[in-house]
Amino acid sequence: MRSSKPVLLVEDDSVDAMTVTRAFKDLKILNPLAHSANGEEALAYLADPSNEKPCVILLDLNMPKMNGAEFLKVVKADADLRKIPVMVLTTSREESDIVQSFQLSVAGYIVKPVDYRNFVEAIRTIDLYWMLSELPEQEVGVKDANFKASIVG
Amino acid sequence: MRTSKPVLLVEDDDVDAMMVRKAVDDLEIAGPLIRVSNGEEALKHLKNQDNERPCIIFLDLNMPRMNGTEFLKVVKADDALRNIPIIVLTTSKEQCDIVGSFDLCVAGYMVKPVDYERFVQALKTIDLYWTLSELPNGRW
């Protein structure tokens, strides 16, 4: 990723979470990986000011307590959180899940490859894409920049 | 891209549009590239039921008549259009443009590389990513 901020992984399956961690290591991706086990935990993580805001979110769909679609609805209705690109990472190929996710403006919908090598390739592509794409800075930085612009001229 | 549906390019600059077309040809991207010159034309294209729905939109920001941000606001408020992923393709590195675009939930923000080879590489990465990612099979 272009930024050194954490990547937030929202995933209830601990084996899948370990696979992502391992792929990050194998690809030498430097971003710390923060892990929440469901949408509710992820919202609590995002609301905690002591946690750095993630540069991107990798979101599973089928999770207990608060699932991916419910999480997306909350995040995309929040003026601060809606700027963070969210990619769905799921086993579901259901057209209804795909359409609903894009309706909630996800920045990608990736079906988890079962094979580890293919999984690493998928994470490599995601990393490459978000290395190319700009990412929004924290809101505070923007206010600073505007303030600086206003006092300079 | 995962589909062979059209890619809609919203770009007022003829030279930039030609560069995108050349890169799409060089990379043998399957879908046809449809080019319109500003947000207003893009909306007209999207609302015309005779036109096939694009799988993705490449959007310039600085354009006459209706600029990229104005276009994004209209598209993201429209239930029939909001599920098409939009990637900003611009020369602007301004943080306010970046934040403003992600606030309108774009699926990427690429600063156009000036050099053609690097531009092709960038488009290759975009193509690779959107081949990995599913796309909604939205119907009119």
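Thresholds, definitions, all that
- Residues numbered from 1 in each chain as written.
- Chains lettered and ligands numbered in written order.
- Predicted model: local features only at pLDDT ≥ 70, side-chain atom pairs only at ≥ 80, totals over all residues.
- Helix = DSSP H or I, 4+ residues; strand = E, 2+ residues; numbered from the N terminus.
- Buried ≥ 20, exposed ≤ 12 C-beta atoms within 10 Å, placed from the backbone.
- Contact = placed C-beta atoms within 7 Å.
- Pairing = 2+ DSSP bridges.
- Axes fitted to C-alpha atoms, helices over the stretch in contact; angles between N-to-C directions.
- Right-handed = clockwise from strand over helix to strand, strands pointing away.
- Nonpolar A, V, L, I, M, F, W, Y, C, P; charged D, E, K, R; others polar.
- Core = buried A, V, L, I, M, F, W, Y, C linked by C-beta atoms within 7 Å.

Colleague: Got a minute to help me understand the overall build of chain B in this structure?
Modeller: Assigned secondary structure in chain B consists of five helices and five strands. N-terminal to C-terminal, the α/β element order of chain B is β-α-β-α-β-α-β-α-β-α. Overall size of chain B, expressed as C-alpha extent along the three principal axes, is 35 × 35 × 25 Å. The 140 residues of chain B split such that 40% are buried.

Colleague: Would you mind going over the environment of Leu 135 of chain B with me for this structure?
Modeller: Residue and element names in this part refer to chain B. Within the fold, Leu 135 resides in the segment after helix H5 (116-132). Residue classification places Leu 135 among the buried residues on the basis of 22 C-beta atoms within 10 Å. Not counting the four nearest positions on each side in its chain, Leu 135 is found in contact with Arg 2, Thr 3, Cys 55 and Trp 130.

Colleague: I keep staring at the sheet that holds strand E5 (residues 109-111) of chain B and nothing clicks. Help me out?
Modeller: Neighbouring strands of a sheet are bound in pairs by backbone hydrogen bonds; such pairs are parallel or else antiparallel. Residues and elements named next belong to chain B. The sheet built from five strands is open, its strands ordered E2-E1-E3-E4-E5 with parallel pairing. Edge positions in the sheet fall to strand E2 (33-36) and E5, since each has one partner strand and no second. Between one strand axis and the next, the sheet turns by 20° as a mean value, whatever way the strands run. Of the strand pairs in this sheet, strand E1 (residues 7-10) and E2 are connected by four bridges, and their pairing is parallel. Bridging from a neighbouring strand, Leu 9 pairs with Arg 35 of E2.

Colleague: Explain the pairing of strand E1 (residues 7-10) of chain A to me, please; I cannot follow it from the model alone.
Modeller: Two faces belong to every sheet, and in a regular strand the side chains alternate between them. All names here are of chain A. Burial along E1 is two-sided: Val 7 and Leu 9 facing one way and Leu 8 and Val 10 facing the other are all buried. By the bridge criterion, four bridges tie E1 to strand E2 (residues 33-36) in an arrangement that is parallel. Directly across from Leu 8, in E2, lies its bridge partner Ala 34. Taken together, E1, helix H1 (residues 14-26) and E2 constitute a β-α-β crossover, and its handedness is right-handed. Sheet topology places E1 next to strand E3 (residues 56-59); four bridges connect them, and they run parallel. Its bridge partner being in E3, Val 10 is matched across the sheet by Leu 59.

Colleague: Please clarify how the interface of chain B and chain A should be interpreted in this entry.
Modeller: Many analyses report the size of an interface as the accessible area lost when the parts associate. With 26 residues of chain B at the interface, the matching set in chain A holds 26 residues. Residue assignment for the side of chain B that touches chain A shows that the elements contributing at least two residues are helix H4 (95-103), E5 and H5 of chain B. Looking at the side of chain B that touches chain A, its residues break down into 15 nonpolar, seven polar and four charged.

Colleague: Looking at this model, I keep getting lost on the nonpolar core. Mind explaining?
Modeller: Nonpolar side chains tend to gather and get buried jointly when the protein is soluble and globular. Met 87 of chain A together with Ile 87 and Val 106 of chain B are the most contacted members of the largest nonpolar core, which totals 75 residues. Here this core takes six residues from helix H5 (residues 116-132) of chain A, the largest share from any one element.

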